[in-house]
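These are the residues of each chain, in order.
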Amino acid sequence: MLGSQLTARIPRFLIKIDEPIALVRVGAEIVYSTYIFLQLIALYARRSDLYRLIDTLRECVENPYPDDVRAFILSTRDTINKSSVMYSKCFFAVCISYIIMPFMATSAVVVRNRRNQTGEREEYVMPTEMNFYYLDIRFSLLHYSLYFGAVSGLSVIGSLVLCTKDVLDFSLIRTASMLFQATAQQIRNLPPGASQAKLEAIIHSHRSTLKCAAQLQNALNSALLIQITFCTAIWCLMLFYILLLVLPLPLKLLALLGVNKNPSERFRLYAIYIYLWVAMFIPKLCLGYETIPQCFRSIAEGMFSFNTTVTFIMLPLKMNNLEGLLQNLKRFTQIGKQ
């Protein structure tokens, strides 16, 4: 596992980055490979907590329950098993498609290169943004085969790690939730004159369920912390990548709204102001409401309208800052292209 992670991470530091978009892509892939590596370490580090939690859950499930509660537990357990199997199949279907699609595209490139009589060759399709130890993976079929085999192995390993982690965590969470529902069902079915033995059984079941919840929290703390941190980082990089790709779009939207320095197009912004007052603010200020829910609903809609109006007011005031930011981003995307 350590060797596979080094194989995934070292070549990405060897790649020559000549434009900011490539930097964002490589950064996202490094963050993703680091996320898989840390999840693997966390899965190994919390194995004792997981084993302890699984044993506790097994003991709780095997406790004596009434027939209706036992039927609920069995049906829920079957549902958890089926959903886990379905999730695993979907996960590996995505993994296989990630391997097959570049292979099919590269096969088409190989055929076109062999039929090409001009001597100009197309580059092979790269599943990841990396240089594989200075091999000619973009034009040499042998080097590309070595690279593709390594990347395919890394994809399978990463899928196994994430699938194991997700299926295990989801199953444990749903099983603990099932125990809480079973305990609540026992309490609801308790007759008014219940015996002391039944009360003690329900109290014992409730304590065992709370113990499972505490162990579940201990087992998931590190995994969820890593997941929320790195998933947030990956999403931020993806959004930044999309912003760099569609950078001219915000300028066009601002021009469409009339928020620019051209006075001849400023009438659009004034028309939006008038529309907001006529369609939103004046009806809400002048019309009364008969019931309290209508009043609160009107207040919520008024707050939304006020937020929209303030946003349109702030756009022309901050137009210079927006234009400067967009121009700086545009110059940032042009680095390496000049």
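Rules of the game
- Residues numbered from 1 in each chain as written.
- Predicted model: local features only at pLDDT ≥ 70, side-chain atom pairs only at ≥ 80, totals over all residues.
- Heavy atoms only, no water.
- Axes fitted to C-alpha atoms, helices over the stretch in contact; angles between N-to-C directions.
- Helix = DSSP H or I, 4+ residues; strand = E, 2+ residues; numbered from the N terminus.
- Left-handed = near helix turned anticlockwise from the far one by under 90°.
- Contact = heavy atoms within 4.5 Å.
- Nonpolar A, V, L, I, M, F, W, Y, C, P; charged D, E, K, R; others polar.
- Phe/Tyr/Trp six-rings, centres within 6.5 Å; stacked < 30°, edge-to-face > 60°.
- Buried < 20%, exposed > 50% of the residue type's maximum accessible area, 1.4 Å probe, protein only.
- Lys NZ or Arg CZ within 6 Å of the ring centre and 35° of its normal.

**Q** Honestly, the packing of helix α3 (residues 47-61) against helix α5 (residues 141-188) in this entry has me stumped. Any pointers?
**A** Two packed helices can be described by the angle between their axes and the distance between those axes. One can describe the packing of α3 onto α5 by two numbers: an axis separation of 11 Å at closest approach and a directional angle of 35°. Helix-helix and strand crossings are classified by hand; for α3 and α5 the assignment is left-handed. Residues L50, L53, I54, L57, C60 and V61 of α3 lie in contact with α5, whose contacting residues are L168, L172, T175, A176, M178 and L179. Here the residues of the contact of α3 with α5 sort into 11 nonpolar, one polar and no charged.

**Q** Any chance you could explain the packing of aromatic side chains here in plain terms?
**A** The way to describe two aromatic rings as a pair is by their centre distance and the angle between their planes. Taken as a whole and assessed by the stated rule, the structure comprises seven aromatic pairs. Ring geometry for Y35 and F230: centres 6.2 Å apart, planes at 40°, overall tilted. Of this pair, Y35 sits in helix α2 (residues 20-45) while F230 sits in helix α6 (residues 196-245), and the two are 195 residues apart along the sequence. The exposure class assigned to Y35 is buried, which follows from its relative accessible area of 6%. Grouping aromatic residues by their ring pairs yields a cluster made of F103, Y124, Y144, Y147 and F148. Against the face of Y44 rests R47, its NZ or CZ located 4.0 Å from the ring centre.

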